Amino acid sequence: MATIEALIQEWLRLDRDEATRTEILELVKQQNVKELDFLLGSRLTFGTAGLRARMGGGFSRLNSLTIIQTSQGLAQYLLEEERASAATAGVVIGYDARHNSKKFAELAAAAFIAKGIRVSWYEDLVHTPMVPFAVKQLHAAAGIMITASHNPKDDNGYKVYGSNACQINSPADAKISAAILNNLEPVTWDIKGNGQSKLLTPVLDNMRASYLKTVHQYVDVRPRDAGFPLGFVYTPMHGVGLVPMEAILKVLDSHDRMVVVREQAQPDAEFSTVVYPNPEETGALDLAKATANQRNVRLILANDPDADRFAVAEKLNDGSWHQFTGDQVGILLADYLAKGIKPEESGEEWMLTTAVSSQMLSVLAEARGFAVEETLTGFKWLGNRALELAGKGKKVHFAYEEALGYMFPDVVHDKDGIAAAVVFLRACKDWPSCSPWAKLQELYGDYGYFHTINTYWRSPDITATSAVFDQVRRIGDPYPKLVGRRNVVRWRDLTVGYDSSTNDHTPDLPVSESSQMITCWLEKFDDIDEGIRFTVRASGTEPKIKIYLECRGKDPLSAKTGATQMLESIKQEWFNDPCLIMEKKS
């Protein structure tokens, strides 16, 4: 293992970025060995989401050097996997408005060009779905988006899409990670040469026009009367959403319907009006609500900073604001899109969701004659599964996950907050009084009331998290048979690989020993509600234990009561360790 002195020398030898060199040199001057060891003693881990981390000096941070090294490794992987065709097909590179995003994108482009790989280059800010969209349109070998989505301002990321225009999945991530470690010596720092290279092609205008045409055609399959019936307030949350949102509304002759939150309209890497630039977080929509109140507007639409997520709030008749959960928006969109599914085609028509999202989609599907399948969380699973089903002749119309992500496979095989906003506005025309809330109550009346609670406990570290899950497993043999006063009717543990409902007890979803995830189905309770399902899992990026709990009731009160009582039972029986701190998700 290298000494801290050797690591310092290696960093200073490789890094040519003055800011991060100065940061490390200042720590050396201060003799801050602990911080130096933290920054230099380990490397960023490349996973299925690529990279996402805090920016700064050191091998464990996202910076110019680690961006170059990652790009060189990805380039080598592509050349080894696809040989000359990867160089010809090339890669698509885009970036958002965060600190250093453009610089990191330029350095990535320089690395690919130095490896002889063609670069299709977005020469201005784009929302994240534009990268997989271009990968599909241009038949590229891969796509890279520089973004950290809705993370805090000090973070950035390197998101990778494969040649199928989906987020990469295993085993590609492990192979890329190995290739990065074999390509640590920078081949170039010259971003000025990008503009003169014959291997770099600007694609913004063509791809934006193609994207707008695709979304327009997709929406036009629905009711054909132009425009939208009501005004709405829109916030891009200091990100890149306003330009594509304005552009698509102009195409649809509805630009005059939108009122933009002035203070959050333009890209701002400091996210100066919000604590966290995430529409789910408490207070994030306060300015949008103030704007809506001033303009007497009842509907708010929001994107996160890279505009791949979509949020909705509506002012109700009592003057209060209801912010819809991701599940509620997903069900509203699914019900609207289901109208395009012909009964005689049932069995080949599909929608997808995740194991931590609402079960209401399955109930809706059973009534409306289409199939539903659940995947693990994340659009790397949803997108790739949609393609697998399409290869078998099955049409996937829609996919969503509870974290405000909605996918329309006819547009892109990833979540897309702009397409979601447009489809949602078009759907409003079909709803009573153009009200999403009124339509949701109608759906609850038809299919039952689903009350969800999504929250989390903060854990000191990964070791403590694993210990808590192991303690839960020891409650029963081979699993706890009771939670609170309810019997367990099904138990699925995707960490150890056990499912009580299958003949051989093999789970129906992929197993991973390195991640903690347990799902529990509980019996109906005294004919008051229709049962409970909850999932507990360890976050892959933060020291958190997340819980996704849902109770289906015959009325709103029974659903809410069942959910809140069960959460209390789980807290007392499973997560009563004093080292765990429970916090609200938003």
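These figures come from a predicted structure and were not determined experimentally. (Residues numbered from 1 in each chain as written. Predicted model: local features only at pLDDT ≥ 70, side-chain atom pairs only at ≥ 80, totals over all residues. Heavy atoms only, no water.)

What about the sheet that holds strand β3 (residues 119-121)?
So, step 1. Spatially, the six strands line up as an open sheet ordered β1-β5-β4-β2-β3-β6, and their pairing is mixed. The outermost strands of the open sheet, each flanked by one partner alone, are β1 (51-54) and β6 (200-202). When strand polarity is set aside, the average angle formed by the axes of neighbouring strands in this sheet is 15 degrees.
So, step 2. Across three bridges, β3 lies against β6 in parallel orientation. Bridge pairing in β6 places V119 opposite L200.
So, step 3. Contacts from helix α4 (residues 64-82) reach β1, β2 (91-95), β4 (142-146) and β5 (155-161), with the element oriented near 5 degrees to β5. (Pairing = 2+ DSSP bridges. Helix = DSSP H or I, 4+ residues; strand = E, 2+ residues; numbered from the N terminus. Axes fitted to C-alpha atoms, helices over the stretch in contact; angles between N-to-C directions. Contact = heavy atoms within 4.5 Å.)

Digging into the UniProt feature "domain: Alpha-D-phosphohexomutase alpha/beta/alpha" (unreviewed entry) in the chain
So, step 1. Under the present numbering, the feature "domain: Alpha-D-phosphohexomutase alpha/beta/alpha" (unreviewed entry) in UniProt falls on residues 44-183, 210-315 and 325-430.
So, step 2. The annotated region residues 44-183 carries 41% helix and 17% strand content, and the separation between its end C-alpha atoms amounts to 14 Å. (UniProt positions renumbered as here; feature names shortened; annotations may be inferred.)

What to know about the packing of aromatic side chains
Pairs of aromatic rings are described using the distance from one ring centre to the other and the angle between the two planes.
So, step 1. Throughout the structure, instances matching the rule amount to 18 aromatic pairs.
So, step 2. Ring geometry for F398 and F408: centres 5.5 Å apart, planes at 40 degrees, overall tilted. Within this pair, whereas F398 is found in strand β14 (residues 395-401), its partner F408 is found in the loop between β15 (405-407) and α15 (417-428), the two being separated by ten residues in sequence. As far as burial versus exposure is concerned, F398 and F408 are alike and both buried.
So, step 3. Summarising the aromatic geometry, the rings of F469 and F575 are spaced 6.4 Å apart at their centres and angled 70 degrees between planes, so their arrangement reads as edge-to-face. Within this pair, whereas F469 is found in helix α17 (residues 462-473), its partner F575 is found in the loop between α18 (556-573) and β23 (581-584), the two being separated by 106 residues in sequence. (Phe/Tyr/Trp six-rings, centres within 6.5 Å; stacked < 30°, edge-to-face > 60°. Buried < 20%, exposed > 50% of the residue type's maximum accessible area, 1.4 Å probe, protein only.)

Some details on the packing of helix α12 (residues 326-338) against α15
So, step 1. The interhelical angle for the contact between α12 and α15, taken along N-to-C directions, is 65 degrees, at an axis separation of 10 Å. Relative to α15, the crossing made by α12 is left-handed. Only A420, V423, F424, R426 and A427 of α15 make contact with α12, whose side of the interface consists of V329, L332, L333, Y336 and L337.
So, step 2. Classifying every residue of the contact of α12 with α15 gives nine nonpolar, no polar and one charged. (Left-handed = near helix turned anticlockwise from the far one by under 90°. Nonpolar A, V, L, I, M, F, W, Y, C, P; charged D, E, K, R; others polar.)

Here we look at the pattern of salt bridges
So, step 1. Going through the model one piece at a time under the given rule, you end up with 29 salt bridges.
So, step 2. E263 is the salt-bridge partner of R262, the closest N and O atoms lying 3.4 Å from each other.
So, step 3. Given a relative accessible area of 65%, R262 falls into the exposed group.
So, step 4. E442 is paired through a salt bridge with K439; the nearest N and O atoms lie 2.6 Å apart. (Salt bridge = Lys/Arg side-chain N within 4 Å of Asp/Glu carboxyl O.)

Regarding the nonpolar core
So, step 1. By size, the foremost hydrophobic cluster in this structure holds 94 residues, and its most contacted members are Y122, M245, L301, Y406, F408 and F424.
So, step 2. Sorting elements by how many residues they give to this core places α15 first, with ten residues.
So, step 3. Those residues in contact with F424 that lie beyond four places of it in its chain are L301, F310, V312, V329, L332, L333, W431 and P436.
So, step 4. Formed by 51 residues, the second largest nonpolar core is a distinct cluster that contains L62, I93, A109 and I180. (Core = buried A, V, L, I, M, F, W, Y, C linked by side-chain atoms within 4.5 Å.)

Quick word on the environment of V363
So, step 1. Assignment of secondary structure puts V363 in helix α13 (residues 360-368).
So, step 2. Sequence separation between V363 and G448 is 85 residues; the distance between their C-alpha atoms is 8.8 Å.
So, step 3. Apart from residues no more than four positions distant in its own chain, V363 is found in contact with Y447, F450 and R552.

Some details on the layout of surface pockets
So, step 1. Estimates place the volume of the second largest pocket at around 1200 Å³.
So, step 2. As for the second largest pocket, its lining consists of 40 residues, of which H322, Q323, T325, Q328 and T452 are closest to the centre.
So, step 3. The set of elements that each furnish at least two residues to the lining of the second largest pocket consists of α11 (286-295), β11 (321-323), α12, α16 (436-447), β16 (449-458) and α18.
So, step 4. Top contributing element to the lining of the second largest pocket by residue count: β16, with seven residues.
So, step 5. Within the lining of the second largest pocket, the residues separate by chemical class into 16 nonpolar, 14 polar and ten charged. (1 Å grid on protein atoms, 1.4 Å probe; cavity = no way out; pocket = protein on both sides within 12 Å on 5 of 7 lines; lining within 4 Å. Points joined across faces, edges and corners; volume = space filled by probe spheres on them.)

A word on the pairing of strand β12 (residues 349-354)
So, step 1. Taking burial as the measure, the six residues of β12 include six buried ones, the bulk of the element.
So, step 2. In terms of strand pairing, β12 meets β14 through four bridges, oriented parallel. If you follow M351 over to β14, its bridge partner there is F398.
So, step 3. For β12 and strand β13 (residues 371-375), the ladder comprises five bridges, and the chain directions are parallel. Each bridged residue has a counterpart across the sheet, and for T353 the counterpart in β13 is E374.
So, step 4. Each parallel crossover has a hand, and for β12 linked through α13 to β13 it is right-handed. (Right-handed = clockwise from strand over helix to strand, strands pointing away.)

Some points on α15
So, step 1. An ideal rise of 1.5 Å per residue puts 16 Å on twelve residues; α15 measures up with 16 Å between its terminal C-alpha atoms.
So, step 2. Among the residues making up α15, those that are buried are G417, I418, A419, A420, A421, V422, V423, F424, L425, R426, A427 and C428.
So, step 3. Where α15 begins, the side chain of D416 points an oxygen toward the backbone nitrogen of I418, at a separation of 3.0 Å. (Expected span 1.5 Å × (residues − 1). Polar contact = N/O pair within 3.5 Å; in protein donor to acceptor, adjacent residues only side chain to side chain.)

Things to note about unusual backbone geometry
So, step 1. Geometrically, the link from S170 to P171 is a cis peptide bond, its omega value of 5 degrees lying close to zero.
So, step 2. For P171, the location among the structural elements is in the loop between β5 and α8 (172-181).
So, step 3. Note the cis peptide between D477 and P478, where omega equals 5 degrees.
So, step 4. Relative to the elements of secondary structure, P478 occurs in the loop between α17 and β17 (482-483).
So, step 5. The phi torsion at Q31 lies on the positive side, around 55 degrees, for a residue other than glycine.
So, step 6. In this structure, Q31 sits in the loop between α2 (18-30) and α3 (33-40).

What to know about the packing of α4 against α8
So, step 1. Where α4 contacts α8, the two axes come as close as 7 Å, and the packing angle between them is 120 degrees. The element α4 and its partner α8 pack so that their crossing is right-handed. Where α4 approaches α8, its residues Q69, T70, G73, L74, Y77 and E81 are matched on the opposing element by A172, K175, I176, A179 and I180.

Quick look at empty space enclosed by the protein
So, step 1. Enumeration over the complete set of coordinates arrives at four cavities of 30 Å³ or more.
So, step 2. In this structure, the largest cavity encloses a volume near 80 Å³.
So, step 3. In terms of lining residues, the largest cavity is bounded by 13 residues, among which V356, S357, Y548, L549 and E550 are the most central.
So, step 4. Residue assignment for the lining of the largest cavity shows that the elements contributing at least two residues are β16, β21 (529-538) and β22 (544-553).

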